[in-house]
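Coordinates in review
Chain residues, written in single-letter form:
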Amino acid sequence: MQRHRHRQQSSLVRHVRFITTGVVAVAIAGSLASAPFIAHASTQQSSAQRTTDALSQQGSLDREHLSVYAEQAEYRAHAEAAQTIDSANTVIAAASSKVDATQLSTTVKQLANYKLLSVGRVEALTDATQTAAQQTQSAIAAADAAAAAAAEAARVANTPDGARAQARDIMASSYGWGEDQFSCLNSLWTKESNWRVEASNGGSGATGIPQALPGDKMATVAADWQTNARTQIIWGLGYIKGSYGTPCAAWSHSQSLNWY
């Protein structure tokens, strides 16, 4: 009877141990089964943190780069503005007494405040100033060309042939004298001065194409009597008209007395 109870107790103990062992095993297995999920979650969290840190660092670098780019853009804009102002002032000086440089002067004054303006505004004013400078330079070139043409025309007009051409025109338009009278005038003034503006008689002091005595009599026509053939011709024809009536009458007097 006692042996039978002992066997039952032993069997019960083994059964309890088996159940306990199974529970522990199941618990351990469950723990081991959930471990990969915890580790995976931890890995994702670390990766996300690293990504966030990287983005933050990149953002900081981007801000630094943008700051550098902005400083470089400002430096370039300011340097070009200063150079443009210097060039424009040279053009303004060249335009003096030749062409109107008001527009260029206005843009230069606006651009002079480039250190207080935004980069975009500085660039816009720089472009406007450069355009105005180019336009002013073109106007100066045109004015210089016109002045050169006028100077050349004056030079030609002051040559003996140029003076003859002018005299022929003035005779016809102012006095109605034709080629017959011009022929006499040509002979007269060829004898007196050879139609040279700068002709001067050292003995008498007579001056210019018509040999006015004294020469400053011709100032009644214009102040440029010493250098302008037209001024001398106008005075000489007036003198001939008043003293002799016609160039042929003056030439006849000159042939008789060697003066007129």
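So, here is what we can say about the structure in this document. (Residues numbered from 1 in each chain as written. Predicted model: local features only at pLDDT ≥ 70, side-chain atom pairs only at ≥ 80, totals over all residues. Heavy atoms only, no water.)

**Some details on the nonpolar core**
Counted only if it meets this: We call a set of buried residues a nonpolar core when its members are Ala, Val, Leu, Ile, Met, Phe, Trp, Tyr or Cys and they connect through side-chain atoms within 4.5 Å of each other. Buried, partly exposed and exposed residues are distinguished by accessible area as a fraction of the type maximum, computed with a 1.4 Å probe on protein chains only: under 20%, between the cut-offs, and over 50%, respectively. Per the convention used, a helix needs a DSSP run of H or I reaching at least four residues, while a strand needs a run of E reaching at least two, with both numbered from the N terminus. Between two residues, a contact is recorded if the distance between any of their heavy atoms is within 4.5 Å.
Ranked by internal contacts, the top residues of the largest apolar core, which has 20 residues, are Leu-185, Trp-189, Trp-195, Ile-209, Ile-233 and Leu-237. Here this core gets 5 residues from one element, more than from any other, and that element is helix H5 (residues 179-192). Discounting chain neighbours no more than four positions away, the residues touching Trp-195 are Pro-160, Ala-163, Arg-164, Ala-167, Phe-182, Leu-185, Asn-186, Trp-189, Thr-190 and Ile-209.

**A few points about the pattern of salt bridges**
Counted only if it meets this: Salt bridge, as used here: a side-chain nitrogen of Lys or Arg that lies within 4 Å of a carboxyl oxygen of Asp or Glu.
Under the counting rule described, the total for this entry stands at 5 salt bridges. The salt bridge involving Lys-98 is made with Asp-144; its shortest N-O contact spans 2.8 Å. With Lys-98 in the loop between helix H1 (2-95) and helix H2 (102-111) and Asp-144 in helix H3 (residues 119-157), this pair connects stretches of sequence that are 46 residues apart. In this structure, the salt-bridge partner of Glu-179 is Arg-168, at a minimum N-O distance of 2.8 Å. Highlighted residues: Glu-179 in helix H5 and Arg-168 in helix H4 (residues 160-175), separated in sequence by 11 residues. Residue class for Glu-179 comes out partly exposed when judged on its relative accessible area of 49%.

**Section: the state of the cysteines**
The condition that has to hold: What counts as a disulfide here is a pair of cysteine sulfur atoms lying within 2.5 Å.
All chains considered together, the criterion is met by 1 disulfide. Here Cys-184 engages in a disulfide with Cys-248; their sulfurs sit 2.1 Å apart. Around the S-S axis, the bridge from Cys-184 to Cys-248 shows a dihedral of about 85° and counts as right-handed. Placement of the pair is Cys-184 in helix H5 and Cys-248 in helix H7 (residues 247-257), with a sequence separation of 64 residues. Among the residues examined, Cys-184 registers a relative accessible area of 14% and is labelled buried. Residue Cys-248 is classed as partly exposed on the basis of its relative accessible area, which comes to 23%.

**Quick look at H4**
Note the following rule: In this analysis, the expected span of each helix is defined as 1.5 Å times one less than the number of residues it contains.
Its 16 residues give H4 an end-to-end C-alpha distance of 21 Å, which sits within 8% of 22 Å, the value for a rise of 1.5 Å per residue. If you check which residues of H4 are buried, you get Gly-162, Ala-163, Arg-164, Gln-166, Ala-167, Ile-170 and Met-171. Tucked into the core, H4 has its buried residues touching H3, H5, helix H6 (229-243) and H7. Directly beyond the C-terminal end of H4, a positive phi value near 75° is found at Gly-176.

**Focus on the packing of H2 against H3**
We count it as follows: Angles shown run from 0 to 180 degrees and are taken between the N-to-C directions of axes, each axis being a line fitted to C-alpha atoms and, for helices, limited to the stretch in contact. When an angle is under 35 degrees it counts as roughly parallel; over 145 it counts as roughly antiparallel; between 65 and 115 it counts as roughly perpendicular; any other value is oblique. Take the far helix as the reference: if the near one is turned anticlockwise from it by less than a right angle, the crossing is left-handed, and if turned clockwise, right-handed. Throughout this entry, Asp, Glu, Lys and Arg are counted as charged residues, while Ala, Val, Leu, Ile, Met, Phe, Trp, Tyr, Cys and Pro are counted as nonpolar. The remaining residues, Gly among them, count as polar.
At a closest axis distance of 9 Å, the pairing of H2 and H3 adopts a crossing angle of 155°. Regarding the angle of H2 to H3, the classification is roughly antiparallel. The crossing of H2 and H3 is left-handed. Contact with H2, carried on its side by Gln-103, Leu-104, Thr-107, Val-108, Gln-110 and Leu-111, involves Val-122, Leu-125, Thr-126, Thr-129, Ala-132, Ala-133, Gln-135 and Thr-136 of H3 and no other residues of that element. In terms of residue class, the contact of H2 with H3 is made up of 7 nonpolar, 7 polar and no charged.

**Brief notes about H7**
Our working rule: Starting at the helix axis, one direction is taken to each C-beta atom, and the arc is that of these directions.
Of the positions making up H7, those classed as buried are Pro-247, Ala-250, Trp-251 and Ser-254. For H7, the buried positions fall inside an angular range of 100° around the axis, keeping them on one side. Contacts from the buried residues of H7 go to H4, H5 and H6.

**Some thoughts on the packing of H4 against H6**
Any two packed helices are characterised by the angle at which their axes cross and by the distance between the axes. At a minimum axis separation of 10 Å, H4 and H6 run at an interaxial angle of 45°. The angle between H4 and H6 falls in the class oblique. In the packing of H4 onto H6, the handedness of the crossing is right-handed. Here H4 contributes Ala-163, Gln-166, Ala-167, Ile-170, Met-171 and Tyr-175 to the contact with H6, which in turn contributes Ala-229, Arg-230, Ile-233, Ile-234, Leu-237, Gly-238 and Lys-241.

**Thoughts on the packing of aromatic side chains**
Inclusion rule: Ring geometry is summarised as follows: Phe, Tyr and Trp rings, the Trp one being its six-membered ring, pair when their centres sit within 6.5 Å, and such pairs are stacked at plane angles under 30 degrees, edge-to-face over 60 and tilted between the two. The criterion for a charge sitting over a ring is simple: Lys NZ or Arg CZ within 6 Å of the ring centre, and within 35 degrees of the ring normal.
Here the structure, examined in full by the defined rule, presents 7 aromatic pairs. Aromatic pair Trp-235 and Tyr-239: ring centres 5.4 Å apart, planes at 5°, arrangement stacked. You can see Trp-235 and its partner Tyr-239 sitting in helix H6, 4 residues apart, about one turn around the helix. Pairing Tyr-239 with Tyr-260 gives two aromatic rings, centres 5.6 Å apart and planes at 70°, and the pair type is edge-to-face. Of this pair, Tyr-239 sits in helix H6 while Tyr-260 sits in the segment after H7, and the two are 21 residues apart along the sequence. An aromatic cluster of three or more residues is present, and its members are Trp-235, Tyr-239, Tyr-244 and Tyr-260. Over the ring of Phe-182 we find Arg-168, and its NZ or CZ is 4.0 Å from the ring centre.

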